[in-house]
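# A closer look at the structure
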Amino acid sequence: MKCPDCGKEFSALGRHLAFADCSPTVTSYQHDVLRGVLMSDGWVGTSGRCLQAEWANKKYAKYVSDELEWLCDGVQKRSNRDIWQLSTVSCDYIENNFSWYSSGQKRWPLNKKLTDDTLKHLYAGDGHLKQREGRSDAMIISCENERDRLKTIAVWVESSGYPKPTPHISNAGSSVLYFNTEDTREILNRIAPVDGYEYKWGKHGN
Ligand SMILES: [Zn+2]
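Because the structure is predicted, anything quoted here is derived from the model rather than measured.

Thresholds applied
- Residues numbered from 1 in each chain as written.
- Predicted model: local features only at pLDDT ≥ 70, side-chain atom pairs only at ≥ 80, totals over all residues.
- Domains from an automatic or database assignment.
- Contact = placed C-beta atoms within 7 Å.
- Helix = DSSP H or I, 4+ residues; strand = E, 2+ residues; numbered from the N terminus.
- Nonpolar A, V, L, I, M, F, W, Y, C, P; charged D, E, K, R; others polar.
- Pairing = 2+ DSSP bridges.

Let us look at the domain arrangement of the protein. On domain assignment, one finds that the protein holds domain 1 (27-97) and domain 2 (116-199). On a C-alpha basis, the centroid separation for the pair domain 1 and domain 2 is 22 Å. Taken residue by residue, the interface counts 13 residues in domain 1 and 13 residues in domain 2. Contributing elements (two or more residues each) for the side of domain 1 that touches domain 2: helix 2 (28-39) and helix 3 (58-68). Ranked by the residues each element gives to the side of domain 1 that touches domain 2, the list is headed by helix 2, at seven residues. Classifying every residue of the side of domain 1 that touches domain 2 by side-chain character gives six nonpolar, three polar and four charged.

See below:
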């Protein structure tokens, strides 16, 4: 992998970054992708310095890896299963910016507004489109880890500039944010679909 700062090739870029003076730029777009992945399917590795995730969706895994550029060196297939693993380069940036994922307990950071690029990865990972025959679509985002403060989460979504979702505990006991038809249309037309999960956008966002 090439270090974007000094331009040299390294087999382990993370080790180079740990010992060299190089600190490549993480763009706000890359930050928002990382944040969306971490809010949904991702986790921070035990070192606290790299972000990891795995999906059955190869197309999406490769897409995330490509979008992260130097932060990620492709995806790896798990030996015995059709699961695709992604791991970022270990770097200070992850350690400094994603420490809200502490002790393995995932709590969404509400001190910064939600953005379109974060929301679309959150939705790709933890959301689905409820499509009802002859009726309108509803965008639903699971948030089991935020069960105790769903109303606060809904207010945060609204204060970030999106329509306010309805917090809902389903009959099956799962906690979700639910958007009505009009709001679903507005949001899905605003946040572009991600590769591999285009179907979650239904007829919207094209
Ligand atoms: Zn370098």
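Ordered in space as 1-2-4-3, the four strands form an open sheet in which the pairing is antiparallel. Every interior strand has two partners, whereas the edge strands, strand 1 (43-44) and strand 3 (72-77), have only one. The sheet contact formed by strand 3 and strand 4 (residues 84-88) spans four bridges and is antiparallel. Within the sheet, the bridge partner assigned to Gln76 lies in strand 4 and is Gln85.

Once that is clear, we can look at the pairing of strand 6 (residues 138-142). Sheet topology places strand 5 (residues 127-130) next to strand 6; four bridges connect them, and they run antiparallel. Residue Lys130 lies in a different strand from strand 6, and its bridge partner there is Ala138. The pairing of strand 6 with strand 8 (residues 175-179) spans four bridges and is classified as antiparallel. Its bridge partner lying in strand 8, Ser142 is registered against Val176.

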